[in-house]
Amino acid sequence: MLIIGATLALWLPSGTMPWFAAGAVALWQLALVAFVAARGLLFVAAALASIALSAAASAQQTDWDRRHAPVLMLAASPAGAHPVVIEGVLLADASLRAEGGTTLHLRVERAVARAGAMDALGGVMLSVAGAPDPAVVREWTRGRRIRAPALLRRPTRYLNDGVGDAERALMRRGIALVGTVKSAALVEVLAPASALDEALARARAASRGAIAEALASDPIAGAVVTAILIGDRAGLSDDIERRMQRAGTYHVIAISGGNIALFAMLAWGACRLLLRSRRAALCGAMLMIGGYGLLVGTGASVGRAVAAALLFLVTSLAGHRAPPLNVIAMVGAAFLLWDPLAIVDLGFLLSFGATAGILLAVPGWTSAIKSKLGSLPAGSMEIRAATVVAGMIAATIAAEIALLPVQAAAFQRLTAAGLLLNLIAIPAMALTQVAGMALIVCAACDAAAALHGASVVARFAARALVDSASLVDLLPMLTWRVASPADWLVATYIAACGLLAWGCRPRARGAAAAVALAAGIAMAMSITARAPPAGLLRVSVFDVGQAEAILLRLPSGRSVLVDAAGTAGRFDIGDRVLVPALLGRGVTRLDWLVLTHADIDHAGGAMTVLADLAPSRVLEGVSPPRHLERNRLAHAAAASGASVESLRAGGGLLVDGVLLKVLHPPEPDWERQDVRNDDSVVLDVRFGAVSILLTGDAGEPVESAIASRFAPAPLRILKVGHHGSRTSTSQMLLDAVRPAAALISAGRGNFYGHPSPVVLERLRRAGVETFRTDRDGQIDVTTDGRTVEIMTFTGRKWGITAR
């Protein structure tokens, strides 16, 4: 009921919280009346419904509070205008990233802006530029109070079908703003943390130092050991994390149930050896588990796992043998009561979903396996080994089945590699954790010989964990991208699996299994992803920030992607935004990828698109022969079997009655050393009486050169050049094209001021209906060759018919 209520609140519109609360009170009154009147069924129904509505009211109120945190007032001014001096408490140790820079999570309490000092409560995530001295970073530990001048802004969001709202997700985790600090020298530590937090920080620092020194010859192994032992994944590169995510083994390096369970077993074993009393051993184990939970951090997944372990030991101490499923249910209910928004927390869903799936399915499966092995002698090594291996396989399959909708919705990726690789990854994780703990103890005791042995084992296990993910490089078909599934499909799958776990009658169980299988296949094959109606041309301008990516869905369903977006820095917009948006439009494989030019904001996501959607042809304009990223893409395309071809003025493609005519560039008469906007490919997409002009980043000189090449068109739509820069979309172009509507791809609050007010005024005077991704989100243009309909992500609609 808690889960249903919290989910209902976040699915229904805002503002219904008073109705939830009133309904909950009314139902509790009805439950009391039913209890007094001895109407047991009515009492239970009213009580359960009231719990659901109470959870709904709490979830919606919490969501509203976090989306309206006082700290948001600091981002009311234009992005990047002035730094704000903020003071607050660090929520976690500073994270020194492998690629450079440092991340701070801060609970802001006070801010000093140009308007003066103010209280500004709320969570902020800061990125400190540069490569600061590690000794300085070690001073930024959890619980300490700091002060720093920061440029603050709201988190970036991308409004496309099939792409989650990143700003809303961060706010639900308590992070209202993100920002940057120019230098580590500007971060000032004002006050230490509590004595306990300071002691824990020193212990974490000592652990990091011991691991780094013992595994100095293999920094990757050291980063893995550190991640598994104390939850600090900063030393892992993006490439390693991405490979392990694709392989389905990333969960083993994120401290959660498996790590805590292993530590709990070790703690119980150690205490049982040292203490004769079972009750004393249980108390000692609880102290060790609680201390370990405090040491590794305050992450939600750690807290849930520690709470489950402690609850299980408490019930054992009281003489009860609580079923593990009941323990997990109690812990889950407690966390939902504490924070109803945990229902949309990815860690909560992954940890509880996997654990529930294992506890519900594995006991029955292993019993069936043991019965099949009944011919072997009881207690023999063969039956023990077979049971262990079968249990691991069963646990992996059960977890994958339970988490299928979560992985599809959160990552838009499914993997079959994990079914095999977890047989390596889980033992390797356990060995890494045990060897890592031994390594730290040996370093503290100055036992050189034992330290060397522990470091060898830790390195071997960590390398086995990382290198096993290479299987997906050899067999890429073991992992694939999927569209984010529809809510009704997820609900159907969960309901069917729930009926199976409930143990319904055989006939109903068969029907539930069939429904779950059908829903799972639909998610795995992206069957419910949107596709354009047959016979129509749809052009989708995606919201990819200060970049550009445009999808053409031809009348037969074939697809052409013009540009692949891209950003500077660590954020892979191709992986996180563009490919999910393409999948949301029903594109599971591309036919053509057209790159207008090789600037990062047009081609930066091309490698991801090439890897995930396998276009058969890559078409490009003029590219400098020494451009490293372009050459890397060409080599990757050739390796995947895609052709790489050049587009020149006068050429074109005719497919499904749609003509893609190339207006620019001409054959170059000198070798380019750098990428130029004026070398952009310009396409005239003609379908019936409708022309859609895609201009890339071409400027006024190109517009002047191609103005005479436009064939007459009764109805024309213009994709404005260079994100609306004042160097493009000249009056001469507007006079030659006479567009009915204009489409602009630009990022919210971008530092370039795009689209330029000059261009917007020019379009307004010409009577052109203008659509912008920074305000409207994804823009969809659908035409049958005579009528054009434009719809945006935000719900704006417009239409026109050719005369």
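Structural data are supplied above this passage.
Because the structure is predicted, anything quoted here is derived from the model rather than measured. (Residues numbered from 1 in each chain as written. Predicted model: local features only at pLDDT ≥ 70, side-chain atom pairs only at ≥ 80, totals over all residues. Heavy atoms only, no water.)

1. Things to note about the overall build of the chain
Here is step 1: Looking only at helices and strands, one finds 27 helices and 25 strands in the chain.
Here is step 2: The principal-axis extents of the C-alpha atoms in the chain amount to approximately 95 × 65 × 65 Å.
Here is step 3: Once local pairs closer than 6 in sequence are excluded, the contacts in the chain between residues at least 24 apart make up 70%.
Here is step 4: Surface exposure of the chain reaches about 36700 Å², of which carbon and sulfur atoms provide 63%.
Here is step 5: The chain carries 74 positive and 60 negative side-chain charges, and their two centres are separated by 7 Å. (Helix = DSSP H or I, 4+ residues; strand = E, 2+ residues; numbered from the N terminus. Contact = heavy atoms within 4.5 Å. Areas by Shrake-Rupley, 256 points an atom, 1.4 Å probe, with all protein chains shown as cover. Lys, Arg positive; Asp, Glu negative; His and termini not counted. Charge placed at Lys NZ, Arg CZ, Asp CG, Glu CD.)

2. Details of the pattern of salt bridges
Note on pairing: side chains with opposite charge can pair once their charged atoms come close.
Here is step 1: Overall, the coordinates contain 43 salt bridges when judged by the stated rule.
Here is step 2: Linking Asp-218 and Arg-463 is a salt bridge whose minimum nitrogen-to-oxygen distance equals 3.0 Å. With Asp-218 in the loop between helix H6 (195–214) and helix H7 (219–230) and Arg-463 in helix H16 (residues 448–467), this residue pair connects regions lying 245 residues apart in the sequence.
Here is step 3: Between Arg-481 and Asp-575 there is a salt bridge; the shortest N-O distance is 2.9 Å. (Salt bridge = Lys/Arg side-chain N within 4 Å of Asp/Glu carboxyl O.)

3. Here's the deal with helix H18 (residues 487–502)
Given 3.6 residues to a turn, an α-helix orients residues that are three or four positions apart in the same direction.
Here is step 1: Here H18 spans 22 Å end to end across 16 residues, near enough to the 22 Å set by a 1.5 Å rise per residue.
Here is step 2: Those residues of H18 that sit buried are Leu-489, Val-490, Tyr-493 and Ala-496. For H18, the buried positions fall inside an angular range of 135° around the axis, keeping them on one side. Among the exposed residues of H18, those oriented more than 90 degrees off its buried face are Asp-487, Trp-488 and Trp-502. (Expected span 1.5 Å × (residues − 1). Buried < 20%, exposed > 50% of the residue type's maximum accessible area, 1.4 Å probe, protein only. Arc of directions from axis to C-beta.)

4. Brief notes about the packing of aromatic side chains
Here is step 1: Tallied over the full model, the rule gives four aromatic pairs.
Here is step 2: An angle of 5° between the planes, with centres 6.0 Å apart, marks the rings of Tyr-158 and Phe-571 as stacked. With Tyr-158 in the loop between strand S5 (145–153) and helix H5 (166–172) and Phe-571 in the loop between strand S12 (559–562) and helix H20 (573–584), the pair connects residues that are 413 residues apart, well separated along the chain.
Here is step 3: Look at Phe-263 and Tyr-292: their rings are 4.2 Å apart centre to centre, the planes differ by 10°, and that puts the pair in the stacked class. Taken together, the positions of Phe-263 in helix H9 (residues 257–274) and Tyr-292 in helix H10 (residues 278–296) put the pair 29 residues apart, joining distant regions of the chain.
Here is step 4: On the accessibility criterion, Phe-263 (11% relative accessible area) is buried.
Here is step 5: For Tyr-292, a relative accessible area of 7% puts it in the buried group.
Here is step 6: One residue, Arg-672, lies across the ring of Trp-670, its end atom 4.0 Å from the ring centre.
Here is step 7: Between Arg-796 and the ring centre of Phe-771, over which it is positioned, the NZ or CZ distance is 4.0 Å. (Phe/Tyr/Trp six-rings, centres within 6.5 Å; stacked < 30°, edge-to-face > 60°. Lys NZ or Arg CZ within 6 Å of the ring centre and 35° of its normal.)

5. Looking at the pairing of strand S15 (residues 643–646)
Here is step 1: Bridge count between strand S14 (residues 617–620) and S15: four bridges; the pairing is parallel. Its bridge partner being in S15, Glu-620 is matched across the sheet by Ser-646.
Here is step 2: In terms of handedness, the path from S14 via helix H23 (residues 628–640) over to S15 forms a crossover that is right-handed. (Pairing = 2+ DSSP bridges. Right-handed = clockwise from strand over helix to strand, strands pointing away.)

6. So, H6
Here is step 1: Taking 1.5 Å of rise per residue, 20 residues should cover 28 Å, and H6 covers 29 Å from first to last C-alpha, within 8% of that figure.
Here is step 2: For H6, the set of buried residues is Glu-198, Leu-200, Ala-201, Arg-204, Ser-207, Ala-210 and Ile-211.
Here is step 3: Residues of H6 that are buried make contact with H7, H10 and helix H15 (417–445).

7. A look at the state of the cysteines
Here is step 1: By the definition in use, this model includes zero disulfides.
Here is step 2: Just so you know, Cys-445 is unpaired, no disulfide at all, and the nearest cysteine sulfur is the one on Cys-442, 6.9 Å from it. (Disulfide = S-S within 2.5 Å.)

8. What to know about the sheet that holds strand S18 (residues 682–687)
Here is step 1: As summarised here, the arrangement of the seven strands in space is S16-S17-S18-S19-S20-S21-S22, forming an open sheet in which the pairing is mixed. The strands lining the two open edges of the sheet, one partner per strand, are strand S16 (652–655) and strand S22 (769–772). This sheet shows a mean twist of 15° between the axes of neighbouring strands, independent of strand direction.
Here is step 2: As paired elements, S18 and strand S19 (residues 690–694) share five bridges and run antiparallel to each other. Along S19, the bridge assignment pairs Val-685 with Ile-692. (Axes fitted to C-alpha atoms, helices over the stretch in contact; angles between N-to-C directions.)

9. Topic: a positive patch on the surface
Here is step 1: On the surface, Arg-272, Arg-278, Arg-279 and Arg-321 cluster together into a patch of positive charge.
Here is step 2: Relative to the helices and strands, Arg-272 resides in helix H9. (Patch = residues over 30% accessible without salt bridge, like charges linked within 9 Å, V, L, I, M, F, W, Y side chains within 5 Å.)

10. Structural notes on the sheet that holds S12
Within a beta sheet, neighbouring strands are joined by backbone hydrogen bonds and run either parallel or antiparallel to one another.
Here is step 1: Across the sheet, which stays open at both edges, the nine strands sit in the order S15-S14-S13-S12-S11-S10-S23-S24-S25 with mixed pairing between neighbours. Both outer strands of the open sheet, S15 and strand S25 (797–801), are each paired with one neighbouring strand and no more. Going across the sheet, the axis of each strand differs from the next one's by a mean of 15°, ignoring polarity.
Here is step 2: As defined by bridge partners, strand S10 (residues 537–541) adjoins strand S23 (residues 779–783) across five bridges and the pair is classed as antiparallel. Its bridge partner being in S23, Leu-537 is matched across the sheet by Thr-783.

11. Concerning a nonpolar patch on the surface
Here is step 1: Together, Val-389, Ile-393, Ile-397, Ile-401 and Leu-419 make up an exposed nonpolar region whose accessible area comes to about 350 Å².
Here is step 2: With four residues, the top contributor of residues to the nonpolar patch is helix H14 (residues 381–411).
Here is step 3: By secondary structure assignment, the location of Ile-401 is in helix H14.

12. Looking at the packing of H18 against helix H19 (residues 506–524)
Here is step 1: Relative to each other, H18 and H19 sit at 145°, their axes nearing to 8 Å. As H18 runs across H19, the sense of the crossing is left-handed. For the pair H18 and H19, contact is made by Leu-489, Val-490, Thr-492, Tyr-493, Ala-496, Cys-497, Leu-499 and Leu-500 and by Arg-509, Ala-512, Ala-513, Val-515, Ala-516, Ala-519, Gly-520, Ala-522 and Met-523, respectively.
Here is step 2: Residue composition of the contact of H18 with H19, by class: 14 nonpolar, two polar and one charged. (Left-handed = near helix turned anticlockwise from the far one by under 90°. Nonpolar A, V, L, I, M, F, W, Y, C, P; charged D, E, K, R; others polar.)

13. Some details on the environment of Met-429
Here is step 1: In this fold, Met-429 is placed in helix H15.
Here is step 2: Apart from residues lying up to four places away in sequence, Met-429 is in contact with Ile-228, Val-252, Gly-258 and Asn-259.

14. Notes on the nonpolar core
Here is step 1: Formed by 54 residues in total, the largest nonpolar core has its most connected members in Val-224, Met-244, Ile-253, Ile-289 and Leu-465.
Here is step 2: Not counting the four nearest positions on each side in its chain, Met-244 is found in contact with Thr-249, Tyr-250, Val-252, Ile-253, Leu-465 and Ala-469.
Here is step 3: Of all hydrophobic cores here, the second largest spans 37 residues; its members include Leu-537, Phe-687, Ile-717 and Leu-743. (Core = buried A, V, L, I, M, F, W, Y, C linked by side-chain atoms within 4.5 Å.)

15. With respect to the side chain of Ser-455
Here is step 1: By the element assignment, Ser-455 lies in helix H16.
Here is step 2: Note on Ser-455: relative accessible area 9%, which makes it buried.
Here is step 3: Apart from the residues lying within four places of it in its own chain, the contact partners of Ser-455 are Ala-214, Leu-215 and Leu-439.

16. Observations regarding the side chain of Asp-572
Here is step 1: With respect to the helices and strands, Asp-572 occurs in the loop between S12 and H20.
Here is step 2: No salt bridge is formed by the buried Asp-572, whose closest oppositely charged neighbour, Arg-242, lies at an N-O distance of 4.2 Å.
Here is step 3: In contact with Asp-572, not counting residues within four places along its chain, are Arg-242 and Thr-608.

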